[in-house]
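Commentary on secondary and tertiary structure
As a plain string of letters, each chain reads:
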Amino acid sequence: MKTKFAACIVLFLMTAGVTAQIDRSKQPKAGPEPQISLEVPGEFELKNGLKVLVVENHKLPRVSYSLRIDNKPIATGKKAGVESILGSMLGNGTTSISKDEFNEEIDFLGASLNFGFSGGFASSLSKYSNRILELMADAAINPLLTEEEFEKEKVKLIESLKQNEKSIDAISGRVRNALAYGTNHAYGEYTTEETIHNVTYGDAVAFYEKYFNPNNTYLVVIGDVDFKKVKKQIKKHFGEWKKSVDVSTTVSPAAPNAQYTQINFVDFPTATQSSISITNNVDLKMNDEDYHAALITNNILGGGGEGYLFKNLREAHGYTYGAYSSLGASRYGLGRFNASAKVRNMVTDSAVVEALKEINRIKTEPVDPQTLRDAKAKYVGRFIMGLERPQTVANYALNIKQQNLPKDFYTTYLQKINNVSAEDVKRVANKYMKSENARVVVIGKGSEVLENLEKTGIPIKYYDTYANAVEKPSYDIPMPADMNVIKVLNAYINAIGGKEKLDAVNSVFITAEAELQPGVMMNLSMKKTVKNQAFQEITAMGQSIMKSVVDGEAGYMVMQGQRKDLSNDELKEAQAESSPFPEVNYLNGGVTLEKIEKIEGENAYKINVGDDTSIYYSVETGLKIMEVKSAPTGSVSTSYSEYQEVSGVKFPFKIGQSFGPRKFDFIVKEIKVNEGVADVDFD
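Note that the structure is a prediction, hence the values are computed from the model and not measured.

Let's talk about the overall build of the chain
When helices and strands are tallied, the chain shows 21 helices and 25 strands. Dimensions of the chain along its principal axes, counting C-alpha atoms only, are 105 × 90 × 55 Å. Across the 683 residues that make up the chain, the buried fraction comes to 47%. Intrachain contacts of the chain at a sequence separation of at least 6 include 69% that bridge at least 24 residues. As displayed, the chain has an accessible area near 34500 Å², and 51% of this comes from carbon and sulfur atoms.

Digging into a negative patch on the surface
Taken together, the side chains of Asp100, Glu101, Glu104 and Asp107 present a region of like negative charge at the surface. Here Asp107 lies in helix H3 (residues 99-108). Note on Asp107: relative accessible area 59%, which makes it exposed.

Here we look at the sheet that holds strand S10 (residues 335-344)
The strand order across the open sheet built from six strands is S9-S10-S8-S11-S7-S12, with neighbouring strands paired in mixed fashion. Every other strand in the sheet has two partners, leaving strand S9 (320-327) and strand S12 (460-463) as the edge strands with one partner each. Strand-to-strand twist across the sheet, computed as the mean angle between neighbouring axes with direction ignored, equals 20°. In this structure, strand S8 (residues 273-282) lies alongside strand S11 (residues 439-444), joined through five bridges in antiparallel fashion.

Here we look at helix H17 (residues 446-455)
Of all the residues in H17, the buried ones are Gly446, Val449, Leu450 and Leu453. An end-on view of H17 places all buried positions within 110° of arc, on one side of the element. Among the exposed residues of H17, those oriented more than 90 degrees off its buried face are Glu451 and Lys455. Contacts made by the buried residues of H17 are with strand S7 (262-267), S8, helix H12 (348-364), S11 and S12. Just beyond H17, the residue with positive phi is Gly457, at close to 85°.

Re the pairing of S8
Most of S8 is tucked away: 10 of the 10 residues are buried. Pairing geometry for S8 and S10, over 10 bridges, is antiparallel. Bridge assignment links Ile276 to a residue of S10, and that residue is Ala341.

Section: the packing of aromatic side chains
Following the criterion strictly, the structure yields 22 aromatic pairs and no others. Between Phe44 and Phe227 the ring centres are 5.9 Å apart and the planes differ by 80°, which places this aromatic pair in the edge-to-face class. Of the two residues, Phe44 sits in strand S1 (residues 42-45) while Phe227 sits in helix H9 (residues 227-238), which places them 183 residues apart along the sequence. A residue is classified by how much of its surface remains accessible, and Phe227, at 22% relative accessible area, is partly exposed. For the ring pair Phe115 and Phe212, a centre distance of 6.4 Å and an interplane angle of 50° mean the geometry is tilted. Of this pair, Phe115 sits in strand S4 (residues 112-116) while Phe212 sits in the loop between helix H8 (201-211) and strand S6 (217-223), and the two are 97 residues apart along the sequence. Both residues of the pair, Phe115 and Phe212, count as buried. These aromatic residues form a ring-pair network of at least three members: Tyr291, Phe383, Tyr396, Phe409, Tyr410 and Tyr413.

Regarding the nonpolar core
Grouped together as the largest cluster of nonpolar side chains are 59 residues, with contacts concentrated most on Phe265, Ile278, Ile300, Tyr413 and Leu453. No other element matches the seven residues that helix H10 (residues 291-302) contributes to this core. What Tyr413 contacts, discounting residues up to four positions off in sequence, is His292, Leu295, Tyr379 and Phe383. One finds Val82, Phe207, Phe212 and Leu219 within the second-largest nonpolar core, a separate group that totals 50 residues.

Quick notes on unusual backbone geometry
Phi at Asn404 takes a positive value of approximately 55°, unusual for a residue other than glycine. When you line up the elements, Asn404 lands in the loop between helix H14 (390-402) and helix H15 (413-418). Positive phi values are uncommon outside glycine, yet Glu642 reaches one of about 55°. Assignment of secondary structure puts Glu642 in strand S23 (residues 634-646).

Examining helix H16 (residues 422-432)
Within H16 the residues assigned to the buried category are Val425, Val428, Ala429 and Tyr432. Viewed end-on, H16 has its buried residues packed into an arc of 105°, placing them on one side of the element. Considering only its buried residues, H16 is in contact with S8, H10, S9, S10, H12 and helix H13 (369-386).

Some thoughts on the confidence of the model for the chain
Across the chain, the average pLDDT comes to 89, with 93% of residues at 70 or higher. Across residues 1-22 the pLDDT falls below 50, and counting only partners more than four positions away or on other chains, this stretch makes zero contacts in the model.

Details of the side chain of Lys606
Relative to the helices and strands, Lys606 resides in strand S20 (residues 602-609). A relative accessible area of 7% means that Lys606 is categorised as buried. Residues within four places of Lys606 in sequence aside, it is in contact with Glu448, Thr592, Leu593, Glu594, Lys595, Glu597, Ser614, Ile615 and Tyr616.

Here's the deal with the packing of helix H2 (residues 82-89) against helix H5 (residues 147-164)
At a closest axis distance of 9 Å, the pairing of H2 and H5 adopts a crossing angle of 120°. Compared by their axis directions, H2 and H5 come out oblique. The hand of the H2/H5 crossing is right-handed. Here Ser84, Ile85, Ser88 and Met89 of H2 come into contact with H5, specifically with Glu149, Phe150, Glu153, Lys154 and Leu157. Across the contact of H2 with H5, the residue classes break down as four nonpolar, two polar and three charged.

Some words on the sheet that holds S1
Sheet architecture is open: six strands sit in the order S1-S2-S6-S3-S5-S4, paired in mixed fashion. Both outer strands of the open sheet, S1 and S4, are each paired with one neighbouring strand and no more. Across the sheet, the axes of successive neighbouring strands diverge by a mean angle of 10°, strand direction being ignored. Pairing of S1 with strand S2 (residues 51-56) involves four bridges; the strand directions are antiparallel. When the bridges of S2 are listed, Glu45 appears paired with Lys51.

Considerations on the packing of H2 against H8
For any two helices packed against each other, the geometry is given by the interaxial angle and the distance between the axes. It is the contact of H2 with H8, at a shortest axis distance of 9 Å, that shows an interaxial angle of 75°. Judged on the interaxial angle alone, H8 and H2 are roughly perpendicular. Packed against H2, whose contacting residues are Val82, Glu83, Leu86 and Met89, the element H8 presents Tyr201, Asp203, Ala204, Phe207 and Tyr208 at the interface. The residue inventory of the contact of H2 with H8, partitioned by class, reads seven nonpolar, no polar and two charged.

Conventions we followed
- Think of each chain on its own: its residues are numbered from 1, step by step along the sequence as written.
- Whole-chain, interface and lining totals are the exception, using all residues; otherwise, since this is a predicted model, local features are given only for residues with pLDDT of at least 70 and side-chain atom pairs are given and counted only at 80 or more.
- Heavy atoms from the whole structure form the basis of all side-chain values; hydrogens and water molecules are not counted.
- Helix and strand assignments follow DSSP, with helices taken as H or I runs no shorter than four residues and strands as E runs no shorter than two, numbered in order from the N terminus.
- Burial classes: relative accessible area under 20% of the type maximum marks a residue as buried, over 50% as exposed, and values in between as partly exposed (1.4 Å probe, protein chains only).
- Note on definitions: a residue-residue contact is assigned when non-hydrogen atoms from the two residues lie within 4.5 Å.
- Note that accessible areas follow from Shrake-Rupley with a 1.4 Å probe, and for residues the cover is restricted to the protein chains shown.
- Patch rule: a residue counts if its relative accessible area is over 30% and it has no salt bridge; like charges are joined within 9 Å, and nonpolar side chains (Val, Leu, Ile, Met, Phe, Trp, Tyr) within 5 Å.
- Any carboxyl oxygen of Asp or Glu that lies within 4 Å of a side-chain nitrogen of Lys or Arg is treated as forming a salt bridge with it.
- This count recognises Lys and Arg as positive and Asp and Glu as negative, with His and chain-terminal groups excluded.
- A single reference atom marks each charge: NZ on Lys, CZ on Arg, CG on Asp, CD on Glu.
- Paired strands, in this sense, are two strands between which DSSP finds at least two bridges.
- Inter-axis angles, ranging from 0 to 180 degrees, are taken between N-to-C directions of lines fitted to C-alpha atoms, where helices are fitted over the stretch in contact.
- In this description, one arc is meant: the one made by directions from the helix axis to the C-beta atoms.
- To pair, rings of Phe, Tyr and Trp, with the six-membered ring standing in for Trp, must have centres within 6.5 Å; the planes then decide the type, stacked if under 30 degrees apart, edge-to-face if over 60, and tilted in the middle.
- Nine residue types can take part in a nonpolar core, namely buried Ala, Val, Leu, Ile, Met, Phe, Trp, Tyr and Cys, and a core is a set of them joined through side-chain atoms within 4.5 Å.
- Scored between 0 and 100, pLDDT is the confidence that the predictor attaches to each residue.
- By the definition adopted for this analysis, an angle is roughly parallel if under 35 degrees, roughly antiparallel if over 145, roughly perpendicular if from 65 to 115, and oblique otherwise.
- Left-handed is the label given to a crossing in which the near helix is rotated counterclockwise from the far helix by less than a right angle, and right-handed is the label when the rotation is clockwise.
- Classes in brief: Ala, Val, Leu, Ile, Met, Phe, Trp, Tyr, Cys and Pro nonpolar; Asp, Glu, Lys and Arg charged; the others, Gly included, polar.

What follows is the structure, given as C-alpha cells:
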C-alpha cells in the first residue's frame, strides 16, 4: 500500500513538473547564446604604411580588392567639391596606359575597377587576380590626371548640382548638415557652383598628392587567393607607393544642439510634399557600452515597418509611404540621431506632432516585451546570416582596427544584444534622442503648410535652401481689383499666339525624351485633337511604362501591362484636358481664380480646376508655368518652360514631371501641328 502511495506521489510530482514546463503564462528562459567563432584574416603591413587584410575563400574562383583610405574628415572651404572632382578623375587610366586602353583591358578581363576619393574597388576571376591587382595599383599610384579630364568633371559636377536644385531630398540633407555641424565643418560644408569654379587643376593634383596615399590606408583582399602568393604580389605592386607628409588633422566638434525644440523651415514653393527631419547630434561610438542598446532602441523607434514611427505615420494615419530613424555612431563623436518622413503638404503639421510624440513615447513608456524580443531577433538573424559572407569577416576585422574595438567585440555581439533590457531602451532613448533639443527641419511649400505649423506652438526659424537665416516669407501678394479668371485665361491664350491661331489647330503631335538614369532615356509621345481625343505613352528600353488613351466617349490606361478602363469621373476629367489647349474649354466655366503665388521665382495666378488640380500662369508673361494634381497618395507636378513658336503658336519645349522625390525633365524633340495624327491612334 505504501509503495503504491509513493508511486502516486512520484507520478503527481512528475506531472506537475511537466505542467510547469509548458506554463505559457511565463516567458521561457533563453537558451545558451550561439558560439560565435570568427575566422581571423591574415594580416601584414608594407613599409609605406599600407595595412593588408586577407580573407581566403575558395568556394568560387573570384577575388576582390577593396582599397580604403582612412583620412580624418577634411574641410575644403571655398574649394568644396575638389574631392569629388578628383574622385571622378581617378581610375581613368594611368601615366603609362591611356584611358581607353585601360578600360578596354578591364572589360576584356571581365573585371570591374572603380575609384573614388576615399579609395577603390576591383574584382575579377582569380586567374586574372594578379593583373587586376597590378592595374589597381598603377591607377592608385600613377593616375592619369589630365587637365582635359579635370574640366570635363567640373562640368559634370555643376550639371549634377543644377539637377539637385529642385530636389527636396538634396536640400534637406544640405540644410540638416549645415545646421548640425556648421558650414565651416567638414560634415557641414557644401559644394556650390561658386566653390567648383574656385577649384583649379593644380588644386586637384595637389589634393591627390597630399591625401591619396598609403599612410592611413587598408587593402582588404577577399576570395580565391593564397596568402603567401598574394602577399608577394601586393608587395610588388604597392611597395613603391610613397608616403605623403603627415596628413593628420584636428577633427572639429559639431555645432551645439538647439537650445530648445524648434522648427527650421525652408520655403520651397514648388514642393508637392514636405520633407521632415527631426535631428540632433550625438556622441556615440561603437566601443561605447551604450552601442548595442542604441541599435535596439533605434530599431524599435524607426528601424522599419514594425517601428513606432512607421506604424503611426503610415499605418495609423496614412501620412506617408514610410517613416524611419537612424542613430549613427562615429569614432570622432560626430554621430546624429535623425527621424524622417516625406508627407503630403496638408498633413505636415500633424506629421511633426505625431513623430515627436513617438520619440517622447520611447523615452517615457516601457517598451512592450514582445516588441523588444522581436527587435533583438531581427538583429540576431541579420548578424548570423551576415557571417556566411566572407566580406563580413573582413569588415568586422577592419572595424576592430578602425573603431578601436576590443578583439572580442563580435564574438560577444549576440550576448550584448540579448542583454539589452527595457530599462536600457528608455535610458538610451533619453540620452541620445534629444527631442527637447531637436531641430525639426521642414522643407515645404510655405503658402500651404506654414499656417498650420505655427499652430503646433513649436517656435519656427526660417532658412533658405543653403541654411542661411532669412525672414519669414510673405505670401500676401495683392491681387488687382479687376482681375478675374477669364482675364487670366485670355492672357495665356494671347501669350501663346491668340485665339485665331489656336482655332486653326486641329491636332498636335509632340515627342520628347528625358533621362531615366545615366545612359537610359525615357521617350514621351503625346497626341491631342479637338475631337476629345488624347494619346500619351511613356516608353523606356523598348518597353511601355505608361499609356493612356481617350477617344470621344471612352478611355483607358495601361500600366505595367495591366489595362484599366476610365471611370465616368476619370473620363470627364480626361476629356477636359484632351484639347490641344484646355484653356479654351476652361473659358466655358468650371475653374476659379484663387490667388497669386510665387512659383519658380515669379508671381503666378493660381487657378483651380475642380477639387484636385491647380494651374499657375505667370503674372508677367501670361504663360503657363506649372500644373499640380493632388491625390491621397501625394501630388504630381508638371512644369512648363522654354517656350518656342511652332506654326504661329508657342509651345513649352521643356516639360518637368515630379513624382514625389523623383523629377524628370522631358526635352521636346519635335512638335507637329495638324499632321501625324489619325483616328486610329486612339483605338
